[in-house]
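What follows is the residue order along each chain.
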Amino acid sequence: MPTPLSRMLRPYRGLPASVYVQIVCSFINNVGGMSKLFLPLYLRENYQLPYSQIGLLMAFYGMGMLAGSFKGGSLTDRFDSRKLAVMALALSGLCMLLLALQLPVWLFMPLLVIGGMADGGFKPISQRLALEPCAPQQRPVAQGMLRVAYNLGVAIAGITAGFIAAWGYQWVYVANGACALLGTLWMGWSYRRLGERARPREALRAEENADLPGPWRDRMFLRVIASLILVTVVFDQMYVTLGLFLREHYQLGPQWIGYLFTINGLMVVGLQIPISRRILRWGVARCIQLGALLTGFAFLWLNAGQGPVWAILMIVTLTLGELLLSPTYSQLVMHRSEGRLRGSYLGLYNAAWSGRSLIAPALGTFLYGHVGGPALWWLCALAVCCSTALQHAPLRSMLAPSECAPSGQRALKSG
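Procedures and definitions
Residues numbered from 1 in each chain as written. Predicted model: local features only at pLDDT ≥ 70, side-chain atom pairs only at ≥ 80, totals over all residues. Heavy atoms only, no water. Helix = DSSP H or I, 4+ residues; strand = E, 2+ residues; numbered from the N terminus. Buried < 20%, exposed > 50% of the residue type's maximum accessible area, 1.4 Å probe, protein only. Contact = heavy atoms within 4.5 Å. Areas by Shrake-Rupley, 256 points an atom, 1.4 Å probe, with all protein chains shown as cover. Phe/Tyr/Trp six-rings, centres within 6.5 Å; stacked < 30°, edge-to-face > 60°. Expected span 1.5 Å × (residues − 1). Axes fitted to C-alpha atoms, helices over the stretch in contact; angles between N-to-C directions. Parallel < 35°, antiparallel > 145°, perpendicular 65-115°, else oblique. Left-handed = near helix turned anticlockwise from the far one by under 90°. Nonpolar A, V, L, I, M, F, W, Y, C, P; charged D, E, K, R; others polar. Salt bridge = Lys/Arg side-chain N within 4 Å of Asp/Glu carboxyl O. Bend = angle between axes of the 7 residues up to and from the residue. Patch = residues over 30% accessible without salt bridge, like charges linked within 9 Å, V, L, I, M, F, W, Y side chains within 5 Å. pLDDT = per-residue confidence, 0-100.

### Quick word on the overall build of the protein chain
Reasoning step 1: Helices and strands together make up the secondary structure of the protein chain, namely 16 helices and zero strands.
Reasoning step 2: Scored against the burial criterion, the 415 residues of the protein chain give a buried share of 52%.
Reasoning step 3: Pairs at least 24 apart in sequence give 84% of the contacts found in the protein chain among residues at least 6 apart.
Reasoning step 4: As presented, the protein chain carries roughly 18700 Å² of accessible surface, and 69% of it is formed by carbon and sulfur atoms.

### Things to note about the packing of aromatic side chains
Reasoning step 1: Counted according to the given criterion, the structure contains 10 aromatic pairs.
Reasoning step 2: Between Tyr47 and Phe108 the ring centres are 5.3 Å apart and the planes differ by 80°, which places this aromatic pair in the edge-to-face class. Separated by 61 residues along the polypeptide, Tyr47 in helix 3 (residues 39-47) and Phe108 in helix 6 (residues 105-131) bring together distant segments of the chain. Assigned by exposure class, Tyr47 and Phe108 land together as buried.
Reasoning step 3: By the ring-pair criterion, three or more aromatic residues cluster together here, those being Phe245, Tyr250, Phe299 and Trp377.

### Re helix 14 (residues 308-336)
Since there are 3.6 residues in each turn of an α-helix, residues three or four apart along the chain are aligned in direction.
Reasoning step 1: Relative to the 42 Å expected for 29 residues at 1.5 Å per residue, helix 14 spans 42 Å between its end C-alpha atoms, a close match to the ideal helical length.
Reasoning step 2: Taking burial as the measure, the 29 residues of helix 14 include 22 buried ones, the bulk of the element.

### A word on unusual backbone geometry
Reasoning step 1: Within the chain, Gln251 stands out as a residue other than glycine whose phi angle is a positive 55°.
Reasoning step 2: Tracing the backbone shows Gln251 in the loop between helix 11 (242-248) and helix 12 (255-282).
Reasoning step 3: The class for Gln251 is exposed, based on a relative accessible area of 53%.

### Brief notes about the packing of helix 15 (residues 342-371) against helix 16 (residues 373-398)
Reasoning step 1: Between helix 15 and helix 16, the least distance of the axes is 7 Å, while the angle of their chain directions is 130°. By the angle between their directions, the pair helix 15 and helix 16 is classed as oblique. Contacts from Gly364, Leu367, Tyr368 and Val371 in helix 15 reach Gly373, Ala375, Leu376 and Leu379 in helix 16.

### As for the packing of helix 9 (residues 219-235) against helix 15
Reasoning step 1: In contact at an axis separation of 8 Å, helix 9 and helix 15 are set at 35° when each is read in the N-to-C sense. As helix 9 packs across helix 15, the resulting crossing turns out to be right-handed. On helix 15, the residues touching Phe221, Leu222, Ile225, Leu228, Ile229, Thr232, Val233 and Phe235 of helix 9 are Tyr345, Leu348, Tyr349, Ala352, Trp353, Arg356, Ile359, Ala360 and Leu363.
Reasoning step 2: Tallied by class, residues from the contact of helix 9 with helix 15 come to 15 nonpolar, one polar and one charged.

### A few points about the pattern of salt bridges
Reasoning step 1: Summed over all chains, the structure comprises nine salt bridges.
Reasoning step 2: Measuring nitrogen to oxygen at the nearest pair gives 3.2 Å for the salt bridge that ties Glu132 to Arg342. Pair noted here: Glu132 is in the loop between helix 6 and helix 7 (139-164) and Arg342 is in helix 15, with a separation of 210 residues, a long-range link. Here Glu132 matches Arg342 in class, with each residue buried.

### Regarding the environment of Gly62
Reasoning step 1: Structurally, Gly62 is set in helix 4 (residues 51-75).
Reasoning step 2: Gly62 sits 54 residues away from Gly116 along the chain, and the two C-alpha atoms are 6.5 Å apart.

### Quick notes on helix 15
Reasoning step 1: With 30 residues, helix 15 ought to run about 44 Å at 1.5 Å a step, and its terminal C-alpha atoms sit 42 Å apart, in line with that.
Reasoning step 2: The largest bend in helix 15 amounts to roughly 40° and is located at Ile359, with the proline Pro361 lying one to four residues further along.
Reasoning step 3: Phi for Gly372, located one or two positions after helix 15, is positive at around 90°.

### Here's the deal with a nonpolar patch on the surface
Reasoning step 1: Where nonpolar side chains cluster on the molecular surface, the patch consists of Met63, Ile229, Leu358, Ile359 and Leu363 and spans about 390 Å² of accessible area.
Reasoning step 2: In terms of residue count, helix 15 provides more of the nonpolar patch than any other element does, three residues in total.
Reasoning step 3: When its relative accessible area of 39% is taken as the criterion, Ile359 is described as partly exposed.

### Observations regarding the confidence of the model for the protein chain
Reasoning step 1: Residues of the protein chain with pLDDT of at least 70 account for 87%, and the chain-wide mean is 82.
Reasoning step 2: For residues 202-208, every residue scores under 50 in pLDDT, and the model assigns this stretch two contacts once sequence neighbours within four places are set aside.
Reasoning step 3: Low confidence marks residues 402-411, where pLDDT is under 50. Its contacts with residues over four positions away, or in another chain, come to 18 contacts.

### Re the environment of Ile312
Reasoning step 1: For Ile312, the position within the fold is in helix 14.
Reasoning step 2: Overall, the relative accessible area of 31% leaves Ile312 in the partly exposed class.
Reasoning step 3: Taking the C-alpha atoms as reference, Ile312 lies 9.7 Å from Asn264; in sequence the two are 48 residues apart.

What follows is the structure in C-alpha cells.
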C-alpha cells in the first residue's frame with residue numbers, strides 16, 4: 001500500500017537519470033556561485049582594495065558569466081554535453097581553490113573571468129543534459145526541479161558560507177572548491193555507470209534542417225529574447241533598488257530584505273514543482289504573458305500604501321510571476337530548438353538571464369535617483385506591458401498547433 005510520502009514523490013519519479021544527476025550538480029554549482037558574494041569582503045579585508053577596484057573585479061566575473069552562458073550552450077552543438085559539464089564544474093572548483101590563495105591582485109582579473117565562464121557555461125550545459133532526454137510533458141517538471149535546486153543552493157550557501165567565513169573568507173572558497181571537485185568526480189562516475197542510457201540524443205542531420213535558422217537568424221526567437229531582457233531587468237530591481245526604497249520610503253530595517261527573500265525562497269521551494277506540473281494544461285504562452293505582467297505589476301503594490309504588508313504583497317506577486325516564467329521560457333526554448341542548434345538557443349537564452357546583472361543595477365539606480373521610487377515602479381509596469389506586446393505575435397506563431405509535432409507537442413498550446 002503506497003505511503004503518503006510515496007504518493008507525494010510519484011510525479012517526480014520516472015524522469016531520465018540525467019535529470020537527477022544534474023539536479024545534484026546544479027545545487028553544488030549554485031552553492032559555489034553564491035559564495036562569490038563574499039568576494040568583495042574578502043578583497044577588502046585581505047587586500048585593502050578600494051571599492052572602485054573591487055567593483056571592477058566583480059564586473060570581470062559578470063562578463064565571464066555572460067560569455068560562458070552563450071559559449072557553453074553553443075559548444076554542446078559540437079561536443080559531448082556530459083564531458084563539457086564535467087570540465088565546466090571541475091574548472092569552477094579549481095578557480096575557487098585558487099581564490100583562496102594569497103595571489104597577486106592582478107591575477108584575480110583572469111581568474112574571475114575564467115571562473116565566471118565556467119559557472120555561466122555550466123548552466124546551459126546542465127539544462128540541456130536535464131531537459132533534452134525528457135518528453136515534452138516532463139520538461140516543465142524537470143525545469144522546476146532544477147529551479148528548486150538553485151534556490152536551495154542559494155539558501156544553504158548563505159548559511160554555511162556565513163559560518164565558515166568566521167574562520168576566514170578563504171576557507172569559504174576552499175570548502176566550495178572541494179565540493180565542486182567532488183561533485184565533478186561523482187558526475188563523471190554517474191555518467192560512466194549509466195553508459196549509453198545517459199547519452200544525449202543526437203541532433204537531426206544538418207542536411208535535414210538546412211532551412212531552419214540558428215538563433216541569430218530566427219527573428220521570432222530574437223523578439224522573445226528581447227522581451228525576456230525587459231522582464232529580467234524589471235525582475236532584478238528586487239536585488240537593486242527595492243532595498244533602497246524600503247529603507248527610505250517605508251523606514252524598514254535591513255532585516256526586512258531578509259524576510260522578503262525568505263518568503264521568495266520558501267514559495268519557490270514549495271510551489272515551483274506543483275505549478276510546473278500544470279504549465280502545459282494552462283498553456284505555455286498564457287503563462288509566459290501572465291508571468292511577465294505579474295513581475296512588473298508586483299512593484300505597484302509599493303505605491304498603494306506604506307508599511308510591511310505592501311512589501312509582502314509585492315514579493316508574493318513577484319514570486320508568482322517568477323514561478324510561471326522559469327519553466328515556460330525553458331519549455332519554449334526546447335520546443336523552438338527542436339532539430340536546430342539547440343545548444344546555441346539555450347546559450348542565448350541563458351545569456352539573456354545572466355546579462356541582466358550588467359544592465360539592471362546601473363539602469364535601476366539611475367532611474368531611482370532621477371525620477372524616484374514611485375515613478376520607477378510605474379516604469380517597471382510599463383516595461384512589462386511593452387514586453388508582452390513584443391512577444392505576443394512570436395508566441396502565437398512559435399506555439400501554433402501546426403508548428404508542433406503530433407506526438408505530444410500539442411500540449412504546448414498557446415491557450
